[in-house]
Amino acid sequence: MDRQEKGPSGAFPFVRHHGAVSGVTGSAHEWVVSDSASVLIDCGLFQGRDTGPGGARAGDLTIDFDISRLQALVLTHVHIDHVGRVPWLLAAGFQGPIYCSLPSAKLLPIVLEDAFRLGISRQPSAGSGGALPDSA
């Protein structure tokens, strides 16, 4: 990713879509406020034939976009197509705060456990693209 990029009007802020572009699942939208700061809004699981602009899909859950400028994650609600790739975002190194409503926070661990199990069960082997990388 070109770190000097700007939005369509040549200025900040702008939104970059990492999911729910050619379909309705995999919601992930980055609100870019400067060259070094952005907020990710949702980080959802792709379903069916939906894919992200970077190639992510239901069978490959790896985070396929640069997360180095992400300052926070905002979750709009806890449907799997909005939060399902959060475990992979954390495995990719995201350490910022995660913001959501209190009811969403109560449901999130249950939905994430389900998303993680679903993501792993879709993989033919533990070493494939959607498996979480080793933390060591």
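Residues numbered from 1 in each chain as written. Predicted model: local features only at pLDDT ≥ 70, side-chain atom pairs only at ≥ 80, totals over all residues. Heavy atoms only, no water.

Novice: It is not clear to me how the overall build of the protein chain should be interpreted in this structure. Could you clarify?
Specialist: When you go through the protein chain residue by residue, the secondary structure sums to three helices and five strands. Looking at the protein chain as a whole, 43% of its 136 residues are labelled buried. The long-range share in the protein chain, meaning contacts at least 24 apart out of those at least 6 apart in sequence, stands at 58%. (Helix = DSSP H or I, 4+ residues; strand = E, 2+ residues; numbered from the N terminus. Buried < 20%, exposed > 50% of the residue type's maximum accessible area, 1.4 Å probe, protein only. Contact = heavy atoms within 4.5 Å.)

Novice: Even after reading the chapter, I still don't get the nonpolar core, so can you show me in this structure?
Specialist: Proteins that are soluble and globular tend to have nonpolar side chains buried together. Within the largest apolar cluster, 22 residues are counted, with the highest numbers of intra-cluster contacts made by Leu40, Leu73, Val83 and Leu89. Elements with a contribution of two residues or more to this core: strand 4 (70-74), helix 1 (80-83), helix 2 (86-91) and helix 3 (102-121). Of all the elements, helix 3 adds the most residues to this core, at four residues. Setting aside anything within four residues of it in sequence, one finds Leu40 in contact with His18, Ala28, His29, Glu30, Phe65, Leu70, Ala72, Leu73, Val74 and Leu89. (Core = buried A, V, L, I, M, F, W, Y, C linked by side-chain atoms within 4.5 Å.)

Novice: Just checking my understanding: could you explain the environment of Asp35 for this structure?
Specialist: For Asp35, the location among the structural elements is in the loop between strand 2 (29-34) and strand 3 (37-41). On the accessibility criterion, Asp35 (24% relative accessible area) is partly exposed. Sequence separation between Asp35 and Phe12 is 23 residues; the distance between their C-alpha atoms is 8.7 Å.

Novice: Is there a simple way to think about the packing of aromatic side chains in this case?
Specialist: Aromatic ring pairs: the centre-centre distance and the angle between the two ring planes describe each pair. One pass over the structure, following the stated rule, counts one aromatic pair. Measuring from ring centre to ring centre gives 5.7 Å for Phe12 and Phe14, while their planes differ by 20 degrees; the resulting arrangement is stacked. Note on Phe14: relative accessible area 9%, which makes it buried. (Phe/Tyr/Trp six-rings, centres within 6.5 Å; stacked < 30°, edge-to-face > 60°.)

Novice: Help me out: how do you make sense of the pairing of strand 4 in this one?
Specialist: Consecutive side chains of a regular strand alternate in pointing toward one face of the sheet and then the other. Alignment of strand 3 against strand 4, held across four bridges, turns out to be parallel. Paired with Ile41 across the two strands is Val74, which belongs to strand 4. Pairing geometry for strand 4 and strand 5 (residues 98-99), over two bridges, is parallel. When the bridges of strand 5 are listed, Leu73 appears paired with Ile98. (Pairing = 2+ DSSP bridges.)

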